[in-house]
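Here's the letter readout for the chains.
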Amino acid sequence: MKPIVVLYQNLPEKLYNKLSDFADIKQFKTLSLDSNDFRLALANASGLLGAGGNIDENFINQAPHLKAVSTVSVGYDNIDVNALTKRNIKLMHTPTVLTDTVADTMMGLVLAVARRIPELADNVKQGLWVKGITPDWYGTDIHHKTMGIIGMGRIGKALAQRAHFGFNMNILYHSRTEYTEVNDKFAAKHCTLEALLQQSDFVCITLPLTPETHHLIGQKQFSMMKPDAYLINAGRGAVVDELALISALEQKELAGAGLDVFEKEPLSSSSPLLTMKNVVAVPHIGSATKETRYAMAECAVDNLIAALSNQVEENCVNF
């Protein structure tokens, strides 16, 4: 008998068929314990596959036969890992297939906010370009500046590669571990968070959200940054105290921000960030390309099949 898998996002036909050959799929649009059909499917499920939603201890308790959860993401701050581990349930994620795409997005945010690309493109569309541009339309150079990367995991290393080799940028980084290969390859320097904030022209966050990283960057940290520096965040929104960021921008304690993630998503239409010309805000598009989203879904399907077949691979978070 095939294992039952609760699927709560759409899959490309090829991947759906691959999973269907292995499991009996019960598909839903979202995770919803309010639905009797969903609760019944979850009560009999061995596997769970999708992205987003809150998977807490109460949710897990509704799934007595659950053996594996496969999230179509690298982040899993919406999932109670401890509760899964207590139940011997494997948590699988997709950390490798989106590395280059997210690093591309971060470099794009650096370019967009420093060179004011969205703002000036909008000026052109509004018909404001009626003569040669004046200094109030100028942007800021990127090449040969200093990029500070907070978090030197896969994405941090991919970002350092782009910045160092593509734009001749100096690389500083703050992480729990100093990497000799990073130092050598990118002429990078491991340093304290304070030194990074004080010296960087672009402060780039690639961190996951944990109790230790929650609001790691707040009022005190913004006061350490150069007034002409930029903050780039494509890690998790709550790593940054958003109210403190808004205040720092209003007080001109930094030059601008490029943001792919926010404390609450979608970002409220009333957020002051949306009225600031020196903020580039995009809707959590870090991995949002056709190729990468397909690769993530494929990885998640393979992860789940492996986990339910008792083959724990490197993509397992908790075992």
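This report concerns the structure included in the present document. (Residues numbered from 1 in each chain as written. Predicted model: local features only at pLDDT ≥ 70, side-chain atom pairs only at ≥ 80, totals over all residues. Heavy atoms only, no water.)

## Some remarks on the pattern of salt bridges
Then, number 1: Per the stated rule, a full pass over the model turns up 8 salt bridges.
Then, number 2: Across the pair D104 and R162 runs a salt bridge whose closest N-O atoms are separated by 2.7 Å. Placement of the pair is D104 in helix α5 (residues 99-114) and R162 in helix α7 (residues 154-167), with a sequence separation of 58 residues.
Then, number 3: Between R116 and E119 there is a salt bridge, and its shortest N-O distance comes to 2.9 Å. Each of the two residues, R116 as well as E119, counts as buried.
Then, number 4: Residues joined by salt bridges that share partners form a network here, namely D100, D104 and R162. (Salt bridge = Lys/Arg side-chain N within 4 Å of Asp/Glu carboxyl O. Helix = DSSP H or I, 4+ residues; strand = E, 2+ residues; numbered from the N terminus. Buried < 20%, exposed > 50% of the residue type's maximum accessible area, 1.4 Å probe, protein only.)

## Quick look at unusual backbone geometry
Then, number 1: Following E265, the chain continues to P266 via a peptide bond in cis, the omega torsion being 0°.
Then, number 2: Assignment of secondary structure puts P266 in the loop between β11 (256-259) and β12 (279-281).
Then, number 3: With a phi close to 55°, H215 is a non-glycine residue in the positive phi region.
Then, number 4: Here H215 shows up in the loop between β9 (202-205) and α10 (219-224).
Then, number 5: In this structure, K252 takes a positive phi of about 60° despite not being glycine.
Then, number 6: Along the polypeptide, K252 turns up in the loop between α11 (242-250) and β11.

## A look at the nonpolar core
Then, number 1: Counting 50 residues, the largest nonpolar core has M147 and I171 as its most contacted members.
Then, number 2: Discounting residues that sit within four places of it in the chain, M147 has contacts with M107, V110, L159, A163, M169, N170, I171, L172, S200, F202 and C204.
Then, number 3: Among the nonpolar cores identified, the runner-up in size contains 30 residues, and C191, L207, A257 and L259 belong to it. (Core = buried A, V, L, I, M, F, W, Y, C linked by side-chain atoms within 4.5 Å. Contact = heavy atoms within 4.5 Å.)

## Some points on the packing of α5 against α7
Then, number 1: Running from N to C, α5 and α7 cross one another at 50°; their axes reach a closest spacing of 8 Å. Of the possible angle classes, the one that applies to α5 and α7 is oblique. The two elements α5 and α7 cross, and the hand of that crossing is right-handed. Contacts from T99, D100, V102, A103, D104, M106, M107 and L111 in α5 reach R154, I155, A158, L159, R162, A163 and F167 in α7.
Then, number 2: Taken together, the residues of the contact of α5 with α7 break down into 10 nonpolar, 1 polar and 4 charged. (Axes fitted to C-alpha atoms, helices over the stretch in contact; angles between N-to-C directions. Parallel < 35°, antiparallel > 145°, perpendicular 65-115°, else oblique. Left-handed = near helix turned anticlockwise from the far one by under 90°. Nonpolar A, V, L, I, M, F, W, Y, C, P; charged D, E, K, R; others polar.)

## Thoughts on the pairing of strand β1 (residues 4-7)
Then, number 1: The pairing of β1 with strand β2 (residues 24-27) spans 4 bridges and is parallel. Residue pairing across strands places V6 opposite K26, the latter belonging to β2.
Then, number 2: Chirality of the crossover, the property in question, places the unit of β1, helix α1 (residues 13-22) and β2 among those that are right-handed.
Then, number 3: Both β1 and strand β3 (residues 47-50) contribute to a ladder of 3 bridges, which runs parallel. (Pairing = 2+ DSSP bridges. Right-handed = clockwise from strand over helix to strand, strands pointing away.)

## Re the state of the cysteines
Then, number 1: Overall, the coordinates contain 0 disulfides when judged by the stated rule.
Then, number 2: Left without a disulfide partner, C299 is nearest to the cysteine sulfur of C316, which lies 12 Å away.
Then, number 3: For C299, a relative accessible area of 11% puts it in the buried group. (Disulfide = S-S within 2.5 Å.)

## Points about the sheet that holds strand β6 (residues 146-150)
Strands in a sheet are paired, the pairing made by backbone hydrogen bonds, and the direction either parallel or antiparallel.
Then, number 1: Strand order in the open sheet made by the 7 strands is β8-β7-β6-β9-β10-β11-β12, with parallel pairing throughout. Lying at the two open borders of the sheet, with one neighbouring strand each, are β8 (189-190) and β12.
Then, number 2: Relative to strand β7 (residues 170-174), β6 is paired through 5 bridges, and the arrangement is parallel. Looking at β7, one finds that G148 is bridged to L172.
Then, number 3: Against the sheet, α5 contacts β6, β9, β10 (230-233), β11 and β12, and its axis sits at roughly 150° relative to β10.

## Looking at the packing of aromatic side chains
Each aromatic ring pair is specified by the distance between its two centres and by the angle formed by the two planes.
Then, number 1: Under the counting rule described, the total for this entry stands at 4 aromatic pairs.
Then, number 2: Aromatic pair F165 and F186: ring centres 5.9 Å apart, planes at 70°, arrangement edge-to-face. Taken together, the residues F165 in helix α7 and F186 in helix α8 (residues 180-186) connect sequence positions 21 residues apart.
Then, number 3: Here F186 falls in the buried class, since its relative accessible area comes to 4%.
Then, number 4: Both rings, one in F202 and one in Y230, keep their centres 5.4 Å apart while their planes meet at 10°; by these two values the pair is stacked. With F202 in strand β9 and Y230 in strand β10, the pair connects residues that are 28 residues apart, well separated along the chain. Taken as a pair, F202 and Y230 share a single burial class, namely buried.
Then, number 5: Every member of this aromatic cluster is reached through a ring pair, and the members are F28, F38 and F59.
Then, number 6: Directly above the aromatic system of Y179 lies the positively charged group of K157, at a separation of 4.3 Å from the ring centroid. (Phe/Tyr/Trp six-rings, centres within 6.5 Å; stacked < 30°, edge-to-face > 60°. Lys NZ or Arg CZ within 6 Å of the ring centre and 35° of its normal.)

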